[in-house]
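Results of the structural survey
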Amino acid sequence: MNQNNQNNQNNQSAQNNQSAQNNQNNQNSRNSQNNPIIPSSPNSLTPPTSFLPQHGHYRHLRVYQVTEIIYDITYYFTQHFLSRGDRTVDQMVQAARSGKQNIAEGNQAAATSSETEIKLTNVAKASLEELLDDYEDYLRVRNLKQWDNQHPRYEKMRAYARSNEFSNEYALKISLMSDEEIANLCITLIHQAMSMLHNLLATMQKRFVTEGGIKERMHKARTGYRQQQDSRLEELERTISVLQQQLTQAKAEVAEWKVRYEDLKQRAVNAFRQQKEEMERQKKEMK
């Protein structure tokens, strides 16, 4: 018997909870229907994404680091193995400097001009090609050996030129090298740098084809933002239309309730008058 009473109480409690939940849901539904749509702030528009591409610092580029080493070694080479009056000194130093500087300038210009970035990178590549010719000429006119893949030190030189060890100690190592060794080392480094520049140019061209230049990115960013503005304007127009409908409905309800109020008021006045007349009539009869 006690168990049945307990079950009945549990069932009654569950029904009460369910009824309370339904009442709450109905109240929320009525509130959502009665409350007007409140537009969000115009400042909620998402700002356009940056049309300026983010590039890493040129000093982090491996090709720039290699060309910087080429410049340092070339400067040392011209000071120790070429005479001061030789015009080749200035030509080689300027070509080496142009190789690294145009990489730096091209990287910095990339944010605003893909064309300038590609152009300056090509200039860097051409400068290194010029420097390569100068080193090859130096070896040829002096009957020195230009190492090829048949030379016993060729592969070792290539591997050493790629190593971190070389990057850290080249300034000390070149002081122990002959002109033939330094010239072949620079030739190896120039080939490596030109290969990296070739890949870099291919990447730039692919990025330009897929992403476009600065004008296209600016147009895309502006168009995207205008589309957001147009969508927001359409949303606001729909909101205004809904609010106007709700206002019209509210005015109609007010007018209806006003009519009902006047009707009830008139009925109350009539009832009061009738009651007053009835009371006066009864007083007269009692006299």
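Just so you know, these numbers come straight off a predicted model, no measurement behind them.

Next up on the list: the overall build of the chain. Helix and strand counts for the chain stand at eight helices and zero strands. In sequence order, the chain lays out its α and β elements as α-α-α-α-α-α-α-α. Evaluated residue by residue, the chain yields a buried proportion of 28% over its 287 residues. Counting only contacts in the chain whose residues sit at least 6 apart along the sequence, the fraction spanning at least 24 positions is 80%. For the chain, the exposed area adds up to about 20300 Å²; of that, 49% sits on carbon and sulfur atoms.

Let us now look at unusual backbone geometry. One non-glycine residue, N143, lies in the positive phi region at around 60°. Counting through the fold element by element, N143 comes out in the loop between α4 (114-141) and α5 (154-162).

Next up on the list: the packing of helix α2 (residues 62-81) against helix α7 (residues 179-211). Two elements in contact, α2 and α7, have axes separated by 9 Å at closest approach and are oriented at 155°. When the interaxial angle is binned, α2 and α7 end up roughly antiparallel. Between α2 and α7 the crossing geometry is left-handed. Two secondary-structure elements touch here, α2 through R62, V63, V66, T67, I69, I70, I73, T74, Y76, F77 and F81 and α7 through D179, I182, A183, L185, C186, L189, I190, A193, M196, L197 and L200. Grouping the amino acids of the contact of α2 with α7 by side-chain chemistry returns 18 nonpolar, two polar and two charged.

Another point: the packing of aromatic side chains. Taken as a whole, this structure holds six aromatic pairs when the rule is applied. Ring centres of Y160 and F166 lie 5.2 Å apart, and the angle between their planes is 70°; on these two criteria the pair is classed as edge-to-face. Directly above the ring of Y71 sits K100, whose terminal nitrogen or CZ lies 5.5 Å from the centroid. Above the plane of the ring of W257 lies R260, whose end atom (NZ or CZ) is 4.8 Å from the centre.

All chains considered together, the criterion is met by ten salt bridges. With a shortest N-O distance of 2.8 Å, R232 and E235 are connected by a salt bridge. On the criterion of helical spacing, the pair formed by R232 and E235 is a turn pair, its members being three residues apart in helix α8 (residues 214-286). Taking the relative accessible area as the measure of exposure, R232 reaches 8% and is therefore buried. Salt-bridge contacts for E256 lead to R260; the nearest nitrogen and oxygen are separated by 2.7 Å. In this pair, E256 and R260 both sit in helix α8, four residues apart, roughly one turn of the helix. Taken together, the salt bridges that share partners define one network made up of E278, R281 and E285.

Formed by 43 residues in total, the largest nonpolar core has its most connected members in I73, Y135, L185 and L189. Looking at this core element by element, the count peaks at ten residues for α7. Look past the residues within four positions of I73 in its chain and what remains in contact with it is Y135, F166, Y170, I174, I182, L185, C186 and L189.

Positionally, N102 belongs in helix α3 (residues 87-109). Among the polar contacts listed, one links the side chain of N102 to the backbone oxygen of S98, at a separation of 2.8 Å.

Here we come to the side chain of T74. Residue position: T74 is located in helix α2. With near-sequence residues (within four places) excluded, T74 lies in contact with M92, V93, A96, L131, Y135 and C186.

What counts, and at which threshold
- Residues numbered from 1 in each chain as written.
- Predicted model: local features only at pLDDT ≥ 70, side-chain atom pairs only at ≥ 80, totals over all residues.
- Heavy atoms only, no water.
- Helix = DSSP H or I, 4+ residues; strand = E, 2+ residues; numbered from the N terminus.
- Buried < 20%, exposed > 50% of the residue type's maximum accessible area, 1.4 Å probe, protein only.
- Contact = heavy atoms within 4.5 Å.
- Areas by Shrake-Rupley, 256 points an atom, 1.4 Å probe, with all protein chains shown as cover.
- Axes fitted to C-alpha atoms, helices over the stretch in contact; angles between N-to-C directions.
- Parallel < 35°, antiparallel > 145°, perpendicular 65-115°, else oblique.
- Left-handed = near helix turned anticlockwise from the far one by under 90°.
- Nonpolar A, V, L, I, M, F, W, Y, C, P; charged D, E, K, R; others polar.
- Phe/Tyr/Trp six-rings, centres within 6.5 Å; stacked < 30°, edge-to-face > 60°.
- Lys NZ or Arg CZ within 6 Å of the ring centre and 35° of its normal.
- Salt bridge = Lys/Arg side-chain N within 4 Å of Asp/Glu carboxyl O.
- Core = buried A, V, L, I, M, F, W, Y, C linked by side-chain atoms within 4.5 Å.
- Polar contact = N/O pair within 3.5 Å; in protein donor to acceptor, adjacent residues only side chain to side chain.

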